[in-house]
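# Structural overview
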2 protein chains.
Amino acid sequence: MAKLFGGIEAGGTKWICAIAENPANIHASTRISTTHPEETIKKAIEFFQSHEAEFGAVAAVGVASFGPLDLKPDSPTYGYLTTTPKPGWANTDIVGPIQEAFNLPVGFDTDVNGAALGEAQWGAAQGASDFIYLTIGTGIGGGGMVNNALIHGLVHPEMGHLRIPHDWEQDPFPGICPYHGDCLEGLATGPAIEARWGLKGEQLPPDHPAWELEAQYLALGLVNLVCSLSPQRIILGGGVMEQEQLFPLIRRRVQELLNNYISAEEIQQDIDDYIIPPGLGTQAGILGAIALARQAASVHDRSLK
Amino acid sequence: MAKLFGGIEAGGTKWICAIAENPANIHASTRISTTHPEETIKKAIEFFQSHEAEFGAVAAVGVASFGPLDLKPDSPTYGYLTTTPKPGWANTDIVGPIQEAFNLPVGFDTDVNGAALGEAQWGAAQGASDFIYLTIGTGIGGGGMVNNALIHGLVHPEMGHLRIPHDWEQDPFPGICPYHGDCLEGLATGPAIEARWGLKGEQLPPDHPAWELEAQYLALGLVNLVCSLSPQRIILGGGVMEQEQLFPLIRRRVQELLNNYISAEEIQQDIDDYIIPPGLGTQAGILGAIALARQAASVHDRSLK
């Protein structure tokens, strides 16, 4: 039997756990409400234990988590959630209890870096060495790869908190980021749309002016990411991007804002293949966790050679 | 005798050529005015040829060039300057004639990626796997490393062209970027300072309000780079940064703008060691070219094994 991997998509409202080999072979999965850390982590561990008789032990576990996280391998709090405002969850050790329960390699990264790795392995980022995965939903987060490796650096990217031009006359809405007010997340996240217009995004018609404004902000963010990282592709996921009318609006605004300064066919001519939805759709998160498990297993295997 | 390397810092107004082993051992150097491409390249080649009798052939040549450049190894125009507005220089093959003259490995990258590599090897970026090198002078350019490798991606970063908030009431100056008006470069480059205040930066006293405004724009740019790339260090070079009063102003504004969102001692406590001048000073450019030559030689050596 092929190797199986455990994946945990650890979100602020729910944890999805799955046992899988790859997208075509997901053997079991479950959904756990995010309550207290101890209870939530315990339920996740029990899920994997309860399937051991049927499938045997998994080869590794991957956790793609909401953040911010401590990802520094040599830090005493490696594997912890750090300063999250989510009640009860600040300074929670995520990796420790899982490693203790299973004595297995545990891959751990941000939800967006996990999704990026899954997209690189099986989805829309295949063949790209440098790309960005951005999710626009209840928050805005971004991850990605440079030279075929996930970006970590000092902490991890926080692409939702880019500062962008905000035309107060056109849009007097002050933004909802508790830290920065009108950063990208403050202006363009799902709850910002709802706070500005008094209706949830899915209640606004596709020709509502909300979407031109949303596309303007997202395009400004993407232009900044293009100038910082020069990605070969940009994947946009998350609940807000289920409003598919956004894609053509964003693509056009990115071209207008760059104004042919960056001489690349991918942007100037083929932008429909440059700014794209995730290939793994709504499964990008959990498959990202499986991809992190696979990566952890392969790093572990190499270290034994 | 230790291996010697040839370096060319190819700028829009001058080319600096040097024969060196490392910063402590620069055996010869020259300065060539940037006239027509053919003449300029020919003079650079002649410089290296004229020293062959004395030092023997160099092991490789590195070119750190103004851009934009074609850096895709498999492109038919690899090694070319592409869409530069500099008269006569658009679509100029830089690498071809040098390779033809010497039949040696030629390293080729942007001036800022070259400087970043030099800083990584011998300067202020030693020990950092992820960092940014930004130059603020007649233009603004940025390069850097992620996971110990230079960032290239689709083309190469264009960090000068980040879009940042511009308070038109406080600063009605429209910006001077011919492509984007008030992008970072449009607002904060040396010529923008001169156009806004009617005096060159070096003619403005250190307590002139120009510097608070300059620090505000540069800090907004840096915050965006921190959110995109999560660098472990940021090196700021170029003529404008010779105004040393800018460093404390920029550091304070970066902290204020991030507002403790990014939980990292390096930013919250030790920002004096986080946003820093180049370790190689005004030699960062030419030593970057030497570092590119060393890298090219070592890639070449590995390919022979």
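Residues numbered from 1 in each chain as written. Chains lettered and ligands numbered in written order. Predicted model: local features only at pLDDT ≥ 70, side-chain atom pairs only at ≥ 80, totals over all residues. Heavy atoms only, no water.

## Side note on the interface of chain A and chain B
Operational definition: Whether two residues are in contact is decided by their heavy atoms, any of which lying within 4.5 Å being enough. Buried area is calculated as the accessible area (1.4 Å probe) missing from two parts once they are joined, with the contributions of both summed. Every case where a carboxyl oxygen of Asp or Glu lies within 4 Å of a side-chain nitrogen of Lys or Arg is listed as a salt bridge. Polar contact is defined as a pair of N or O atoms within 3.5 Å, subject to the rule that within protein one atom must be able to donate a hydrogen and the other to accept it, and that residues adjacent in sequence are counted only when both atoms are side-chain atoms.
Of the residues lining the interface, 44 residues belong to chain A; the matching set on chain B comes to 44 residues. Across the interface of chain A and chain B, roughly 3700 Å² is buried in total on both sides, 59% from carbon and sulfur atoms. Of all residues in chain A, the largest losses of buried area upon contact with chain B belong to Leu154(A), Arg163(A) and Tyr261(A), amounting jointly to 21% of the total for that side. At the junction of chain A and chain B, the tally comes to two salt bridges. Here Lys72(B) and Glu266(A) are joined by a salt bridge, their closest N and O atoms 3.5 Å apart. Between the two partners, chain A and chain B, sit 28 residue pairs in polar contact (both at pLDDT 80 or more).

## Quick notes on the sheet that holds strand β9 (residues 140-146) of chain A
Residues and elements named next belong to chain A. Test applied: If DSSP finds at least two bridges between two strands, the strands pair. The helix count covers DSSP runs of H or I at least four residues long, the strand count covers runs of E at least two residues long, and both are numbered beginning at the N terminus.
With respect to topology, five strands assemble into an open sheet ordered β10-β9-β8-β11-β12, the strand pairing being mixed. Lying at the two open borders of the sheet, with one neighbouring strand each, are β10 (149-150) and β12 (275-276). As judged from the two bridges shared by β9 and β10, these two strands associate in the antiparallel manner. Residue pairing in the sheet places Val146 in a bridge with Ala149 of β10.

## Details of the packing of helix α4 (residues 111-122) of chain B against helix α10 (residues 284-304) of chain B
Residue and element names in this part refer to chain B. Selection rule: A fitted line through C-alpha atoms serves as each axis, taken over the contacting stretch for helices, and the angle formed by two N-to-C directions is quoted from 0 to 180°. Oblique is the label for any angle not under 35 degrees, not over 145, and not in the 65 to 115 range, which are roughly parallel, roughly antiparallel and roughly perpendicular in turn. Residue type decides the class: Asp, Glu, Lys and Arg count as charged, Ala, Val, Leu, Ile, Met, Phe, Trp, Tyr, Cys and Pro as nonpolar, and the leftover types, Gly among them, as polar.
Across the interface, α4 lies against α10 with an axial gap of 7 Å and an inter-helix angle of 80°. Judged on the interaxial angle alone, α10 and α4 are roughly perpendicular. Residues Gly114, Ala115, Leu117, Gly118, Glu119, Gln121 and Trp122 of α4 pack against Ala284, Leu287, Gly288, Ile290, Ala291, Leu292, Arg294 and Gln295 of α10. Taken together, the residues of the contact of α4 with α10 sort by class into eight nonpolar, five polar and two charged.

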